[in-house]
Amino acid sequence: MSNPFFEPSDLPYELPPFARIRNDHFLPAFTRGMADQLAEVAAIGACAGPPTFENTVEALERSGAVLGRVCRVFSNKAASDTDEEIQALEVEITPRLTAHEDLLLLDSALFGRLDALHAQREQLGLDGEQLRLLERHHTLRVRAGARLAPEQQRRLRELNAHIASLCTEFDQNLRVATADAALVLDRAEELAGLPADQIAAAAENARALGHPGKFVLSLKNFSCQTELAALEDPALRERLLAASLGRGIDSNGPIAVTLAGLRAERAALLGYPSHAAWEVADRTAGTTDAVEELLGRLVAPAVANAEREGAALAEAAGVAEIRAADWQYYSEQVRKERYDLDAAALRPYLELETVLHDGVFHAAGLVYGITFTRRPDLVSYHPDAHVYEVHDADGSPLGLYIGDFHARESKRGGAWMNSLVVQSHLLGQRPVVVNNLDVAKPAAGEPVLLTWSEVNTLFHEFGHALHGLFSDVRYPLLSGTQVPRDFVEFPSQVNEVWADWPEVLAHYARHHLTGEPMPAELPARLREAENFGAGFRMVEHQAAAVLDWAWHTLSADGDVPGEDEVEAFEAAALERYGLAMAAIPPRYRTGYFAHIFNHDYAAGYYGYRWAEVLDADTVRWFRENGRSIRESGEIFRRELLGKGGSVDPLAAFRAVVGRDAEIGPLLARHGLTG
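Residues numbered from 1 in each chain as written. Predicted model: local features only at pLDDT ≥ 70, side-chain atom pairs only at ≥ 80, totals over all residues. Heavy atoms only, no water.

Draft legend 1. Structural view of empty space enclosed by the protein. Per the stated rule, a full pass over the model turns up four cavities of 30 Å³ or more. Approximately 120 Å³ is the volume attributed to the largest cavity. Around the largest cavity sit 14 residues that line it, and Glu 14, Pro 16, Arg 69, Leu 420 and Val 421 are the ones nearest its centre. Looking at the lining of the largest cavity, the elements with two or more residues in it are helix H3 (65-80) and strand E6 (416-421). Per element, the largest residue contribution to the lining of the largest cavity is three residues, and it comes from H3. Along the lines of polarity and charge, the residues of the lining of the largest cavity split into eight nonpolar, two polar and four charged. Reported here for the second largest cavity is a volume of approximately 50 Å³. Counting residues per element, the lining of the second largest cavity draws most heavily on helix H17 (residues 485-495), at three residues. Here the residues of the lining of the second largest cavity are counted per class, giving seven nonpolar, two polar and no charged. (1 Å grid on protein atoms, 1.4 Å probe; cavity = no way out; pocket = protein on both sides within 12 Å on 5 of 7 lines; lining within 4 Å. Points joined across faces, edges and corners; volume = space filled by probe spheres on them. Helix = DSSP H or I, 4+ residues; strand = E, 2+ residues; numbered from the N terminus. Nonpolar A, V, L, I, M, F, W, Y, C, P; charged D, E, K, R; others polar.)

Draft legend 2. Molecular detail of the packing of aromatic side chains. Summed over the entire model, instances satisfying the criterion amount to 34 aromatic pairs. Ring geometry for Phe 5 against Phe 26: centres 5.5 Å apart, planes inclined by 35°, an arrangement best described as tilted. With Phe 5 in the segment before helix H1 (26-45) and Phe 26 in helix H1, the pair connects residues that are 21 residues apart, well separated along the chain. With respect to class, Phe 5 is no different from Phe 26; both count as buried. Taken together, the aromatic side chains of Phe 487, Phe 490, Trp 498, Trp 501, Trp 621, Phe 622, Phe 636 and Phe 653 make up a single cluster linked through ring pairs. Lying across the ring of Trp 278, Arg 143 places its NZ or CZ 4.4 Å from the centre. The ring of Tyr 592 is capped by Arg 247, whose NZ or CZ atom sits 4.2 Å from the centre of that ring. (Phe/Tyr/Trp six-rings, centres within 6.5 Å; stacked < 30°, edge-to-face > 60°. Buried < 20%, exposed > 50% of the residue type's maximum accessible area, 1.4 Å probe, protein only. Lys NZ or Arg CZ within 6 Å of the ring centre and 35° of its normal.)

Draft legend 3. Here's a closer look at the packing of H3 against helix H4 (residues 84-105). Direction vectors running N to C along H3 and H4 enclose 140°, while the axes themselves pass 12 Å from each other. Overall, the two elements H3 and H4 adopt an arrangement that is oblique. For H3 against H4, the interelement crossing comes out left-handed. Two secondary-structure elements touch here, H3 through Leu 67, Cys 71, Phe 74, Lys 77 and Ala 78 and H4 through Ile 86, Leu 89, Glu 90, Ile 93, Leu 97 and His 100. (Axes fitted to C-alpha atoms, helices over the stretch in contact; angles between N-to-C directions. Parallel < 35°, antiparallel > 145°, perpendicular 65-115°, else oblique. Left-handed = near helix turned anticlockwise from the far one by under 90°. Contact = heavy atoms within 4.5 Å.)

Draft legend 4. Region of the structure containing the pattern of salt bridges. Counting across every chain of the model gives 48 salt bridges. In this structure, the salt-bridge partner of Arg 155 is Glu 265, at a minimum N-O distance of 2.8 Å. Here Arg 155 is found in helix H7 (residues 150-180), whereas its partner Glu 265 is found in helix H10 (residues 249-269), with 110 residues between them in sequence. By relative accessible area, Arg 155 is classed as partly exposed at 29%. A salt bridge links Asp 186 to Lys 214; its shortest N-O distance comes to 2.6 Å. With Asp 186 in the loop between strand E1 (183-185) and helix H8 (196-208) and Lys 214 in the loop between H8 and strand E2 (215-217), the pair connects residues that are 28 residues apart, well separated along the chain. A single salt-bridge network, built from bridges that share partners, covers Glu 151, Arg 154, Arg 155, Glu 158 and Glu 265. (Salt bridge = Lys/Arg side-chain N within 4 Å of Asp/Glu carboxyl O.)

Draft legend 5. Spotlight on unusual backbone geometry. The residue Glu 14 is not glycine, and still its phi comes out positive at about 60°. Assessed through its relative accessible area of 24%, Glu 14 is described here as partly exposed. Although it is not a glycine, Asp 340 sits at a positive phi angle of roughly 50°. Summarising the element assignment, Asp 340 is placed in the loop between helix H13 (324-339) and helix H14 (343-346). The class for Asp 340 is exposed, based on a relative accessible area of 54%.

Draft legend 6. View of the environment of Phe 459. Take Phe 459: it is sitting in helix H16 (residues 452-469). Since its relative accessible area comes to 0%, Phe 459 is described here as buried. Spatially, the C-alpha atom of Phe 459 lies 26 Å from that of Asp 548, the residues being 89 residues apart in sequence. Those residues in contact with Phe 459 that sit more than four places away from it in its chain are Val 355, Gly 359, Val 360, Ala 363, Ser 492, Asn 495, Glu 496, Trp 498, Ala 499, Val 504 and Tyr 508.

Draft legend 7. Region of the structure containing the pairing of strand E7 (residues 432-439). Burial runs high along E7: eight of the eight residues are buried. Taking every second residue as pointing to the same face, both faces of E7 are buried, with Val 432, Val 434, Asn 436 and Asp 438 on one and Val 433, Asn 435, Leu 437 and Val 439 on the other. As paired strands, E6 and E7 are joined by five bridges and run antiparallel to one another. Residue pairing across strands places Ser 419 opposite Val 433, the latter belonging to E7. (Pairing = 2+ DSSP bridges.)

Draft legend 8. Representation of H3. With 16 residues, H3 extends 23 Å from end C-alpha to end C-alpha; this agrees with the ideal 22 Å at 1.5 Å per step. Counting buried residues along H3, 12 of its 16 residues qualify, which places the element largely inside the surrounding structure. (Expected span 1.5 Å × (residues − 1).)

Draft legend 9. Spatial organisation of the pairing of strand E5 (residues 397-406). Counting buried positions over the 10 residues of E5 gives nine, a clear majority of the element. With six bridges connecting them, strand E4 (residues 386-391) and E5 associate as antiparallel partners. Bridge pairing links Tyr 388 to Tyr 401 in E5. Linking E4 to E5, which pair antiparallel, is a turn of five residues; within it Gly 395 sits at a positive phi near 90°.

Draft legend 10. Looking closely at the nonpolar core. Formed by 161 residues in total, the largest nonpolar core has its most connected members in Leu 191, Tyr 401, Phe 459 and Tyr 508. Apart from the residues within four sequence positions on either side, Tyr 401 is in contact with Leu 356, Phe 361, Phe 372, His 386, Val 387, Tyr 388, Val 390, Val 433, Asn 435, Phe 462 and Ala 465. If you look at the next biggest cluster of nonpolar residues, it comprises 27 residues, including Tyr 13, Met 34, Ile 86 and Ile 402. (Core = buried A, V, L, I, M, F, W, Y, C linked by side-chain atoms within 4.5 Å.)

Draft legend 11. The environment of Gln 333, seen in detail. By the element assignment, Gln 333 lies in helix H13. Owing to a relative accessible area of 25%, Gln 333 belongs among the partly exposed residues under this scheme. Along the primary structure Gln 333 and Ala 316 are separated by 17 residues, whereas in three dimensions their C-alpha atoms are 7.7 Å apart.

Draft legend 12. Representation of the environment of Met 417 within the structure. For Met 417, the position within the fold is in strand E6. Look at Met 417 and you get buried, because its relative accessible area is 16%. With 127 residues separating them in the primary sequence, Met 417 and Ala 290 have C-alpha atoms 28 Å apart.

Draft legend 13. A look at the sheet that holds E6. Taken together, five strands build an open sheet; the order of strands is E3-E4-E5-E7-E6 and the sheet is mixed. On the outer flanks of this sheet lie strand E3 (371-374) and E6, each paired with one strand and no other. For this sheet, the mean inter-axis angle between neighbouring strands, taken without regard to orientation, is 30°. Lying on the sheet, helix H15 (residues 352-368) is in contact with E3, E4 and E5; it crosses E5 at an angle near 150°. Sheet strands in contact with H16 are E3, E4, E5, E6 and E7, and its direction is about 165° off that of E7.

Purely geometric stuff here, so don't read any function into it on its own.
Here it is, written out as structure tokens:
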């Protein structure tokens, strides 16, 4: 059989032919894909005629078809269903891909043609999207070092290769550390307080991991594990939090230090004082001062709010000061007492398939008019990953959506969206997108009951999926979620609003056994109870953001800490920013902060809050603009979601809301006004 990556898939929407793809197809496809693209780029650079948009920029957009196909499938495989072969190949191929990207970005002949076109861009008669594409290709190469001297470029390539290899090592270490830190328990009684279905899921998890008859609590990728809210044994809560906070510090701490130093050196080589300065220059924030201003503005009110919450919890616990391991547990007690709300009592109304079909998909229909149809005839990459065909309001085909929601040993933790096929009118491609979550899988035949936090995560990740599905651009580089990092979370955060929108919530929040709707008074109590925890959530998130910022505002002139100083560095950073609260650990600590040490959020975790300013203001617009939800959804889709990176992102925001963003709605959302 020929390699399935060598030709476009003949399946609907060019869905990768997963039934034919084997592990031994990847390396030959990478090798051929890189060679093909280098030959294509060389041909562009050697073109005899003068550079034109068509023979240079569009030709570049058409290059790399084989490599694009294998990269997208392999990336998804490595994250969602890895094995030892894939991990070994990841170690081998990552530096090769990095070197390949450097060859493309630093190719002098190609850059010369792009530079000439860029210099005369206003005289070329380009439309808005073409101009944006030319500017983007030019900017990417300048930022990558295309103007550096050859010796500087040689060092830059070395740095890029070393950084890429370390990021892969960090990720693989984290998988091992997270698995090793799981708690193995002998008796169900030790899990007192957890709902019966979660205890059953822990038993099923133990069986799957080779511990039959026991119970295993596997760690999620953030600090405060969800079970802390229910476990009655304070010693077990302490063990669980300690396992979560301590993972990765020995194996990944030194890697983080080295990465921070290498990134600082690279930034200096490119003419920037820090990695953060280099990153932010290409984002909507623009400057490190703008990020510092936002972070600083939110710290004091968030800490004050959290301190009030902590005092209430200490009173409920009958202690002088609340411990970090007990915060979630007593938060639930206070919610029950103050708001007559038991978070565990919500779960029977939040069954996964019902939330997905009657909540997430239903909301997308209400707002955008689209529909979803299960396609069991289309084979995905794992039996748990189900394929849906998406149709527009007029019945025309839009793309494919794949939902893969269960945790497994072969899958990294967390929740995310991937693209398997990127929308492009130039290439005639419609989108194929994937959502991943890490919800524990119960025993066969048992329902999958979600927490309210998991419901919000599903709506959030689906917002990323919509950003990909609604893309309506000509060029692959500008498609879907390929927007600045501090803007990409904005559409997904907006989509969270539909989780408790009354018309949507009433449609999906039904008891999984009786079909009875969630009691009418619960949503209001839920919102009140959520407000009580706003201080904690803001502080843990801000603390993670400043750790990221501290690592990546380091300069290359000797202020990088030693490999054994990671925890001291964290403590000093939190103290410096006024976020050293022992009872509220950062949402991520350095040893397991994959966002910034494996993925492309380095110096970008602030972006969740930056984007939330836009998100909260847009939600206010949805509520108050006087139009129907459907009319508002069309505007949001047409002016922003469909544009991808083809327009200035803040101009797209203004096209929707009619003005620049205001921070007031964000402060109100988190109870930080006044």
